Amino acid sequence: MLQYVDTFACSWSQESGNVVIHFMQKEPIVEEGTNNITEITNPVSSIIMNKDGANALFSLLQDVCKDGISCKDKPE
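A. Just the overall build of the protein, in detail. Scanning the protein from terminus to terminus reveals one helix and three strands. Written out in order from the N terminus, the α and β elements of the protein read β-β-β-α. Buried residues in the protein amount to 11% of all 76 residues. For the protein, the accessible area works out to roughly 6700 Å², and carbon and sulfur atoms hold 55% of it.

Dropping the structure here:
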């Protein structure tokens with residue numbers, strides 16, 4: 001199943017060397033009867049990786065982003 005995420009957070013355990021990545025999705029909430037829109041962040045998924053797995057993911061993401069579209073660019 002594919003899930004759309006628009007934000008993430010990472011943490012690292014110095015003791016175990018594991019990296020945790022939490023993927024989240026921002027959801028706009030319209031208050032009934034008003035024009036007020038608030039935003040909440042819902043957790044989608046979390047993964048725990050050892051140091052070697054995290055370094056491999058980092059390297060892969062660098063390779064994907066170095067040629068062609070920048071990871072910071074948004075598709076048109």
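After that view, the rundown keeps rolling.
B. Focus on the pattern of salt bridges. If you walk through the whole model with that rule in mind, you get one salt bridge. In this structure, Asp63 and Lys66 form a salt bridge, with 3.7 Å as the shortest nitrogen-oxygen distance. Highlighted residues: Asp63 and Lys66, both in helix H1 (residues 51-66), separated by three residues, approximately one helical turn. Classification of Asp63 as partly exposed rests on a relative accessible area of 42%.

C. The pairing of strand E2 (residues 19-30), seen in detail. The pairing of strand E1 (residues 7-12) with E2 spans six bridges and is classified as antiparallel. Looking across to E2, one finds that Ala9 is bridged to His22. The hairpin formed by E1 and E2 contains six residues between the paired strands, and Gly17 there has a positive phi angle of roughly 80 degrees.

D. Region of interest: the sheet that holds E2. Strands sit in the order E1-E2-E3 across an open sheet of three strands; the sheet is antiparallel. With partners counted over all chains shown, the strands left at the sheet margins are E1 and strand E3 (37-49), one partner each. Neighbour-to-neighbour, the strand axes of the sheet open up by a mean angle of 25 degrees, direction not taken into account. As defined by bridge partners, E2 adjoins E3 across twelve bridges and the pair is classed as antiparallel. Counted as the bridge partner of Ile21 is Ile47 from E3. Each of E2 and E3 is contacted by H1, which is oriented at about 120 degrees to E3, the strand it contacts most.

Rules used throughout
Here, residues in each chain are numbered from 1, in the same order as that chain's written sequence. Where totals are concerned, whole chains, interfaces and linings use all residues; where local detail is concerned, this predicted model gives features only for residues with pLDDT of at least 70, and gives and counts side-chain atom pairs only at 80 or more. Hydrogens and water are ignored here; the side-chain numbers use all heavy atoms of the structure. The helix and strand labels rest on DSSP assignments: H or I over at least four residues marks a helix, E over at least two residues marks a strand, and numbering proceeds from the N terminus. A simple rule labels every residue: compare its accessible area, found with a 1.4 Å probe on the protein chains alone, to the largest value its type can have, and call it buried under 20%, exposed over 50%, or partly exposed in between. Here the accessible surface of atoms and residues is derived via Shrake-Rupley with a 1.4 Å probe, and residues count as covered only by protein chains that are part of the display. Salt bridges are defined as contacts in which a side-chain nitrogen from Lys or Arg sits within 4 Å of a carboxyl oxygen from Asp or Glu. The pairing criterion is simple: DSSP has to find at least two bridges between the two strands. In this description, a line fitted to the C-alpha atoms serves as the axis of each element, helices being fitted only across the stretch in contact, and the angle between N-to-C directions of two axes falls anywhere from 0 to 180 degrees. Residue contacts are defined here by distance: any two heavy atoms, one from each residue, within 4.5 Å place the two residues in contact.

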